[in-house]
Amino acid sequence: MKAFDYDDVQLIPNECIIKSRKDADTTVKFGPHTFKLPVVPSNMQTVINRPLAIWLAQNGYFYIMHRFQPEKRLDFVKMMHQKHLFASISVGIKDSEYDFIDKLKKANEQPEYITIDVAHGHSIYVIKMIHYIKKVFPDTFLIAGNLGTPDAVREIENAGADATKIGIGPGKACITKLKTGFGTGGWQLSAIKWCSKTARKPMIADGGLRTNGDIAKSIRFGATMVMIGSMLAGHEESPGEVVKKDGKKYKHYWGSASAKQKGTKHNVEGRQMLIPYRGKIADTLNSMKEDLQSSISYAGGKDLQSIRTVNYVVLHS
Ligand SMILES: NC(=O)C1=CN([C@@H]2O[C@H](COP(=O)(O)OP(=O)(O)OC[C@H]3O[C@@H](n4cnc5c(N)ncnc54)[C@H](OP(=O)(O)O)[C@@H]3O)[C@@H](O)[C@H]2O)C=CC1
Ligand SMILES: Nc1nc2c(ncn2[C@@H]2O[C@H](COP(=O)(O)O)[C@@H](O)[C@H]2O)c(=O)[nH]1
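Because the structure is a prediction, the values reported are computed rather than measured.

Reading guide: rules and limits
Residues numbered from 1 in each chain as written. Chains lettered and ligands numbered in written order. Predicted model: local features only at pLDDT ≥ 70, side-chain atom pairs only at ≥ 80, totals over all residues. Helix = DSSP H or I, 4+ residues; strand = E, 2+ residues; numbered from the N terminus. Buried ≥ 20, exposed ≤ 12 C-beta atoms within 10 Å, placed from the backbone. Pairing = 2+ DSSP bridges. Axes fitted to C-alpha atoms, helices over the stretch in contact; angles between N-to-C directions. Near = placed C-beta within 6 Å. Nonpolar A, V, L, I, M, F, W, Y, C, P; charged D, E, K, R; others polar. Core = buried A, V, L, I, M, F, W, Y, C linked by C-beta atoms within 7 Å. Contact = placed C-beta atoms within 7 Å. Parallel < 35°, antiparallel > 145°, perpendicular 65-115°, else oblique. Arc of directions from axis to C-beta.

The omega torsion of the bond from Gly-145 to Asn-146 falls at 5°, within 30 degrees of zero and hence cis. With respect to the helices and strands, the residue Asn-146 is situated in strand S7 (residues 141–147). Non-glycine residue Asn-108 carries a positive phi angle of around 60°. By the element assignment, Asn-108 lies in the loop between helix H3 (95–106) and strand S6 (113–117). Owing to 8 C-beta atoms within 10 Å, Asn-108 belongs among the exposed residues under this scheme.

Our focus in this paragraph is the sheet that holds strand S13 (residues 272–276). Strand order in the open sheet made by the three strands is S11-S12-S13, with antiparallel pairing throughout. Every other strand in the sheet has two partners, leaving strand S11 (243–245) and S13 as the edge strands with one partner each. If you compare each strand with its neighbour and ignore which way they point, the axes differ by 50° on average. Here strand S12 (residues 248–254) runs beside S13; their pairing, made up of five bridges, is antiparallel. By the bridge assignment, Lys-251 is partnered in S13 with Ile-275.

Around ligand 2, 24 residues are found, and the nearest of them are Gly-171, Cys-174, Gly-229, Gly-255 and Gly-270. Looking at side-chain class alone, the shell around ligand 2 contains seven nonpolar, 14 polar and three charged residues.

Right, let's get into the site of ligand 1. Taken together, 19 residues sit near ligand 1, with Gly-92, Val-118, Ala-119, Ser-256 and Ala-257 positioned nearest. Looking at the shell around ligand 1 residue by residue, the classes come out as six nonpolar, 10 polar and three charged.

What follows is about the sheet that holds S6. Either a parallel or an antiparallel arrangement is found when strands of a sheet pair, and the pairing is made through backbone hydrogen bonds. The seven strands lie next to each other as S4-S10-S9-S8-S7-S6-S5, forming an open sheet whose pairing is parallel. The sheet terminates laterally at strand S4 (39–41) and strand S5 (88–91), the two strands that pair on one side only. Pairwise comparison of adjacent strand axes, ignoring direction, gives a mean angle of 25° for this sheet. Two elements, strand S9 (residues 203–206) and strand S10 (residues 225–228), share three bridges in a ladder whose sense is parallel. Bridge pairing in S10 links Asp-206 to Met-227.

Grouped together as the largest cluster of nonpolar side chains are 84 residues, with contacts concentrated most on Ile-204 and Val-226. Looking at which element gives the most residues to this core, the answer is helix H10 (residues 281–299), with six residues. Those residues within four positions of Ile-204 in sequence are excluded, and the remaining contacts are Val-40, Ile-143, Ala-163, Lys-165, Ile-166, Ala-223, Met-225, Val-226 and Met-227.

Inspection of the secondary structure assignment puts Ala-53 in helix H1 (residues 50–58). Look at Ala-53 and you get buried, because 25 C-beta atoms sit within 10 Å. Separated by 12 residues in the primary sequence, Ala-53 and Met-65 have C-alpha atoms spaced 6.9 Å apart. If we skip the residues at most four places from it in the chain, Ala-53 touches Ile-48, Tyr-63 and Met-65.

The next point concerns the packing of H3 against helix H4 (residues 124–136). Across the interface, H3 lies against H4 with an axial gap of 11 Å and an inter-helix angle of 10°. In terms of orientation, H3 lies roughly parallel with respect to H4. Residues Glu-97, Tyr-98, Ile-101 and Lys-105 of H3 pack against Met-129, Tyr-132, Ile-133 and Val-136 of H4.

Taken across its eight residues, helix H8 (residues 213–220) has seven buried, putting it largely inside the fold. Regarding H8, the residues found buried are Asp-214, Ile-215, Ala-216, Lys-217, Ser-218, Ile-219 and Arg-220. Of the residues flanking the end of H8, it is Gly-222, one or two places downstream, whose phi is positive at about 125°.

Next up on the list: helix H2 (residues 73–82). Taken together, the buried positions of H2 are occupied by Arg-73, Val-77 and Met-80. Each buried residue of H2 lies within a common arc of 65° when the element is viewed along its axis, so the set occupies one face. Elements that come into contact with the buried residues of H2 comprise H1, S5 and H3. Note on H2: the residue one or two positions beyond its end, His-84, has a positive phi of about 60°.

Structure, rendered in structure tokens:
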């Protein structure tokens, strides 16, 4: 199989049929809600926190809360529901997570979205968790990942997941490829294309996006939504304080499998770095929207669907 990544591909324009880019519709239906953009910030502790989750939900964006403060999740779901906002949380697959699902049920707090978030999502233990969550909360929209093959997508969908998350090792903070020799790092766009062969439900392309144009490329090759970490970190609203170094402003960004996150040196597959401070996240999301509207115009359509069928060239095959 010939593999390619975001930088290796360019999409080919079609005749434009809209008078203004403002007429291009970037909205996407994902589960029970429709969102302004097919973009979700990564469920990482340096990317999303409570205030940002509230802001995103109130402003028509999808969000997935991280799972690294497990004891705060029930309260988070309650708080979102009290504000009449959707609750979207992450879980792992350890035994204690089954107790957590039971706790949610007992409290009568059903999240609208749950994401099973583990490094190697093609796992019998992920399938077991999918079965359990679907038994307890049949109406919750269940996302499971991360995956990197069409076989994995087929099995995880068949187990009951409503959407899958694709990407093992393409992330900016990721060292999985170096530590294990495995993953989709360096050929993430091909992996999305490959997974789309079996996908019958929405896929989230997770990790490796470095420019706004990579959103359109992900959609072209089969993604319904993209998950972005480093490009959505470093904002005023991002977790953590601004750090000053050599007169420049930064914020910390670390992998969810980094020693910093885990508090141990075992099975580390992520690193920590500084991300240049970027100002307000609303401005970044707005520029993503404008660029995606341009993409739709180049695709010759009026909405995201038009991007799915455009021709493309692979520049470095
Ligand atoms: N998208 C990506 O490429 C990657 C993402 N991450 C992120 O890091 C965070 C931590 O992930 P993760 O370590 O899975 O979470 P957990 O620490 O919750 O581990 C998941 C469970 O699966 C077991 N497990 C078995 N094989 C593996 C394997 N190859 N990799 C990981 N766990 C395994 C673990 O046991 P034990 O620990 O005893 O082995 C543990 O019980 C998540 O947010 C995840 O998304 C991490 C790496 C890659
Ligand atoms: N291999 C690892 N991947 C990780 C880790 N922490 C997060 N991630 C993944 O990266 C994306 C974000 O990628 P980016 O290129 O947009 O910055 C995130 O959504 C996770 O899937 C980690 O420690 N190791």
